[in-house]
Amino acid sequence: IQPAKLKEHGLPTPKRVVVVAAPDHTGDDSYFVYLVFPNSTPDHALAWSKIKKLVEWVRQTIWEADGERHFPYVQVKRERDLKGEPV
């Protein structure tokens, strides 16, 4: 999942995408996907109505590429909000 690929699909384009493989809260292997936007991104640009298609597309793309073995948890964050995240 590359920002340029998302842009090609007409989706909101994050500054970077971080994918971390780690166990989820149940202990199952999963992917934690962070779509990282600049700190200057306004709140309205990250409203669910604006990013829903982006999140769904990323989740589905990873889910299919992985053969539906590891669930992708997709989160939209600003750079400053990544503190404490396993990235």
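Up top you'll find the structure we're talking about.
These notes cover the structure that comes with them. (Residues numbered from 1 in each chain as written. Predicted model: local features only at pLDDT ≥ 70, side-chain atom pairs only at ≥ 80, totals over all residues. Heavy atoms only, no water.)

Some thoughts on the pairing of strand E3 (residues 71–78)
- Where strand E2 (residues 29–37) and E3 come together, 8 bridges link them in parallel fashion. Bridging from a neighbouring strand, Leu35 pairs with Val76 of E3.
- Handedness of the crossover joining E2 and E3 through helix H2 (residues 48–65) is recorded here as right-handed. (Pairing = 2+ DSSP bridges. Helix = DSSP H or I, 4+ residues; strand = E, 2+ residues; numbered from the N terminus. Right-handed = clockwise from strand over helix to strand, strands pointing away.)

With respect to the nonpolar core
- Residues Leu6, Val33, Leu35, Leu54, Val58 and Val74 are the most contacted members of the largest nonpolar core, which totals 13 residues.
- Those elements that place two or more of their residues in this core are E2 and H2.
- Per element, the largest residue contribution to this core is 5 residues, and it comes from H2.
- Every residue in contact with Val33, bar those within four places of it in the chain, is listed here: Val17, Val18, Val19, Val58, Ile62, Pro72, Tyr73, Val74 and Gln75.
- Val18, Phe32, Tyr34 and Val36 belong to the second-largest nonpolar core, a separate cluster that totals 6 residues. (Core = buried A, V, L, I, M, F, W, Y, C linked by side-chain atoms within 4.5 Å. Buried < 20%, exposed > 50% of the residue type's maximum accessible area, 1.4 Å probe, protein only. Contact = heavy atoms within 4.5 Å.)

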